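# Notes for the structure review
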Amino acid sequence: MMGEFITEDGVHLGLTTFKASDGVKLTATDGEFDSARRAQQEFDKEIAKATKVIERGKKKDKTGKVIGERALIMAGTSDLDKPIPAVVWTDGLWFHEIRSTSMRDIIELEKLYTY
């Protein structure tokens, strides 16, 4: 399933829902911004809302070149008692986020997004 939405800040993002081979649902959100700085601001906003930052560092492409920043987080949900794993990263003008109940599935889908 694919769609678009506008955040409470007026940010326009795309949304794609996937189903992994093990049946787990994943939600990927992304958006292209007018500058890398603006994509980084969206990244920072998601980090600030996280209930926990598990890991944070540089995002690298398949050749090892640094293309942005990346973090594994526990993201808040509408059910505040149950944060779920997520990965967020920037890639130049782009901001990406993948959420699911399975960190293993998140990492596998992230690999498909990394060129």
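Attention in this report is confined to the structure presented alongside it. (Residues numbered from 1 in each chain as written. Predicted model: local features only at pLDDT ≥ 70, side-chain atom pairs only at ≥ 80, totals over all residues. Heavy atoms only, no water.)

### Side note on the pairing of strand S7 (residues 94–100)
- Within S7, five of the seven residues are buried, leaving the element largely enclosed by the surrounding structure.
- Note that strand S3 (residues 25–32) and S7 share seven bridges and pair antiparallel. Bridged to Glu32 within S7 is Trp94.
- Across six bridges, the pairing between strand S6 (residues 84–91) and S7 is antiparallel. Counted as the bridge partner of Asp91 is Trp94 from S7.
- Between S6 and S7, which follow one another and run antiparallel, lie two residues, and Gly92 among them has a positive phi close to 65°. (Buried < 20%, exposed > 50% of the residue type's maximum accessible area, 1.4 Å probe, protein only. Helix = DSSP H or I, 4+ residues; strand = E, 2+ residues; numbered from the N terminus. Pairing = 2+ DSSP bridges.)

### Comments concerning the environment of Ala71
- Within the fold, Ala71 resides in strand S5 (residues 66–75).
- A residue is classified by how much of its surface remains accessible, and Ala71, at 0% relative accessible area, is buried.
- With 25 residues separating them in the primary sequence, Ala71 and Glu46 have C-alpha atoms 9.8 Å apart.
- Filtering out sequence-adjacent residues up to four positions away, Ala71 remains in contact with Phe43, Ile47, Glu55, Arg56, Ala86, Val87 and Val88. (Contact = heavy atoms within 4.5 Å.)

### Re the nonpolar core
- Ranked by size, the top nonpolar core spans 13 residues in total, and within it Phe33, Phe43, Ile47, Ala71, Ile73, Val88 and Phe95 carry the most contacts.
- Elements represented by at least two residues in this core include exactly helix H1 (36–49), S5 and S6.
- Ala20, Ala28, Leu109 and Tyr113 belong to the second-largest nonpolar core, a separate cluster that totals ten residues. (Core = buried A, V, L, I, M, F, W, Y, C linked by side-chain atoms within 4.5 Å.)

### Here's the deal with the sheet that holds strand S2 (residues 12–19)
- Strand order in the open sheet made by the seven strands is S1-S2-S3-S7-S6-S5-S4, with antiparallel pairing throughout. Only two strands of the sheet have a single partner each, and these edge strands are strand S1 (2–6) and strand S4 (52–60). Averaged over all pairs of adjacent strands, the angle between their axes in this sheet comes to 20°, without regard to strand direction. (Axes fitted to C-alpha atoms, helices over the stretch in contact; angles between N-to-C directions.)

### A short note on the layout of surface pockets
- When its volume is computed, the largest pocket comes out at roughly 210 Å³.
- Considering the residues around the largest pocket, the lining is formed by Phe5, Thr7, Glu8, Leu13, Thr29, Glu42, Lys45, Glu46, Lys49, Phe95, Glu97 and Arg99.
- Mapped by element, the contributors of at least two residues to the lining of the largest pocket are H1 and S7.
- By residue number, the principal contributor to the lining of the largest pocket is H1, which donates four residues. (1 Å grid on protein atoms, 1.4 Å probe; cavity = no way out; pocket = protein on both sides within 12 Å on 5 of 7 lines; lining within 4 Å. Points joined across faces, edges and corners; volume = space filled by probe spheres on them.)

### Examining the side chain of Glu42
- The residue Glu42 is located in helix H1 in this model.
- Under the relative-accessibility criterion, Glu42 is labelled buried at 1%.
- Only 3.1 Å separates the side chain of Glu42 from the side chain of Lys45, close enough to count as a polar contact.
- Once residues within four sequence positions are removed from consideration, Glu42 is found in contact with Val11, Leu13, Phe33 and Phe95. (Polar contact = N/O pair within 3.5 Å; in protein donor to acceptor, adjacent residues only side chain to side chain.)

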